[in-house]
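An overview of the molecular structure
Residue strings, one per chain:
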Amino acid sequence: MENKFVKTVNYKKFVSLMSKLKSLPDNIPRFGLIYSEPGIGKTYMLLKWAIDNDAIYVRANNGMTQPGLLKTIVSDLDLTDYHNMQMNFNQIVKSLQQEPRVIIVDEVDYLIGSKNVIEILRDIQDMTNVPIILSGMEFANRKIARFKHIKSRLYKSLKLKYYDFDEINEILKQLTKLNFTENAIKCFSIRKIPFRQIVQTIQELESYAQTNNIDEIDETKVIEVLNERQSSQVMS
């Protein structure tokens, strides 16, 4: 299987959103929200963009507090952790004012339960004007709506979607040398297969094709592999 990053429609829409956020006038808040059902490749996409653009990537976790969030940003900025929330906040603001960097907060659903934690991001954005991307699960937009100070600052919310037939076809072409029948490709798109499962399925199909000396996969084999994977997930 080819080890390459596929620039999906979701990724291209995200890149477009980031370009718009960066170019906004200084008087317009630069908050963005992306959300989706699980398995679409959101985290992989965000990490790729963060690495390529020297952004600060924060992966929130259950129980993350204000000090914990600030410590994570301090670490990414290569600053000294003063073990004092106000001092850490001040140096983050100073650093971002001098050298602006995008902040991406993944799994933001974990922070939405605490008003104090989520709104410290608002304070950072207000004082630095750096773009901040919040990334969450499929109902993150509804959860964020409870925080009026954040919602009013959202420039745009972007819902990522599962892949249609054409995009599945392109993903398969880029990730594997196997050929797929039209109905086999439809199996992926109709079932709304998550990206990580597409990759895992390709790996299994390549092994099957090599063992049986074939180079084209039909829908029967795709359905078989997908059903086996679904059964193993249910059992586990």
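What you see is a predicted model; the values in this text were computed from it and never measured.

Some details on unusual backbone geometry
- One non-glycine residue, Asp78, lies in the positive phi region at around 60 degrees.
- When you line up the elements, Asp78 lands in the loop between helix 3 (66-76) and helix 4 (85-98).
- A relative accessible area of 69% places Asp78 in the exposed class.
- Its identity as a non-glycine residue notwithstanding, Lys192 has a phi of 55 degrees, on the positive side.
- Summarising the element assignment, Lys192 is placed in the loop between helix 10 (182-190) and helix 11 (195-212).

Quick word on the nonpolar core
- Grouped together as the largest cluster of nonpolar side chains are 43 residues, with contacts concentrated most on Phe14, Ile104, Phe180, Phe188 and Val222.
- Counting only elements with at least two residues in this core, the list comes to helix 1 (9-22), helix 2 (42-52), helix 9 (165-175), helix 10, helix 11 and helix 12 (219-235).
- Looking at which element gives the most residues to this core, the answer is helix 11, with 6 residues.
- Contact partners of Phe180, with chain neighbours within four places excluded, come to Leu172, Ile185, Phe188, Leu205, Ile217 and Val222.
- The next biggest cluster of nonpolar side chains, apart from the first, holds 34 residues, and it includes Met64, Phe89, Val117 and Ile118.

Digging into a positive patch on the surface
- On the surface, Lys13, Lys20, Arg142, Lys156, Lys159, Lys161 and Lys192 cluster together to form a positively charged patch.
- Inspection of the secondary structure assignment puts Lys159 in strand 5 (residues 154-159).
- The exposure class of Lys159 is partly exposed, given its relative accessible area of 42%.

Comments concerning the environment of Ala50
- Within the fold, Ala50 resides in helix 2.
- Overall, Ala50 belongs to the buried group, its relative accessible area being 6%.
- A sequence separation of 120 residues divides Ala50 from Glu170, and the C-alpha atoms of the two residues are 24 Å apart.
- Residue contacts for Ala50: discarding those within four places in its chain leaves Ala55, Tyr57 and Ile104.

Examining the environment of Leu178
- The topology assignment puts Leu178 in the loop between helix 9 and strand 6 (179-180).
- Overall, Leu178 belongs to the buried group, its relative accessible area being 13%.
- Separated by 170 residues in the primary sequence, Leu178 and Thr8 have C-alpha atoms spaced 20 Å apart.

Comments concerning helix 9
- Restricting attention to buried positions, one finds in helix 9 the residues Glu167, Ile168, Ile171, Leu172 and Leu175. Viewed along the axis of helix 9, the buried residues span an arc of 140 degrees, placing them on a single side of the element. Facing away from the buried side of helix 9 by more than 90 degrees, the exposed set consists of Asp166 and Lys173.
- At its buried positions, helix 9 is contacted by helix 1, strand 6, helix 10 and helix 11.
- Measuring from the backbone nitrogen of Asp166 back to the side-chain oxygen at the start of helix 9 gives 3.3 Å, which picks out Asp164 as the cap.

Basis of the calculations
- Residues numbered from 1 in each chain as written.
- Predicted model: local features only at pLDDT ≥ 70, side-chain atom pairs only at ≥ 80, totals over all residues.
- Heavy atoms only, no water.
- Helix = DSSP H or I, 4+ residues; strand = E, 2+ residues; numbered from the N terminus.
- Buried < 20%, exposed > 50% of the residue type's maximum accessible area, 1.4 Å probe, protein only.
- Core = buried A, V, L, I, M, F, W, Y, C linked by side-chain atoms within 4.5 Å.
- Contact = heavy atoms within 4.5 Å.
- Patch = residues over 30% accessible without salt bridge, like charges linked within 9 Å, V, L, I, M, F, W, Y side chains within 5 Å.
- Areas by Shrake-Rupley, 256 points an atom, 1.4 Å probe, with all protein chains shown as cover.
- Salt bridge = Lys/Arg side-chain N within 4 Å of Asp/Glu carboxyl O.
- Lys, Arg positive; Asp, Glu negative; His and termini not counted.
- Charge placed at Lys NZ, Arg CZ, Asp CG, Glu CD.
- Arc of directions from axis to C-beta.
- Polar contact = N/O pair within 3.5 Å; in protein donor to acceptor, adjacent residues only side chain to side chain.

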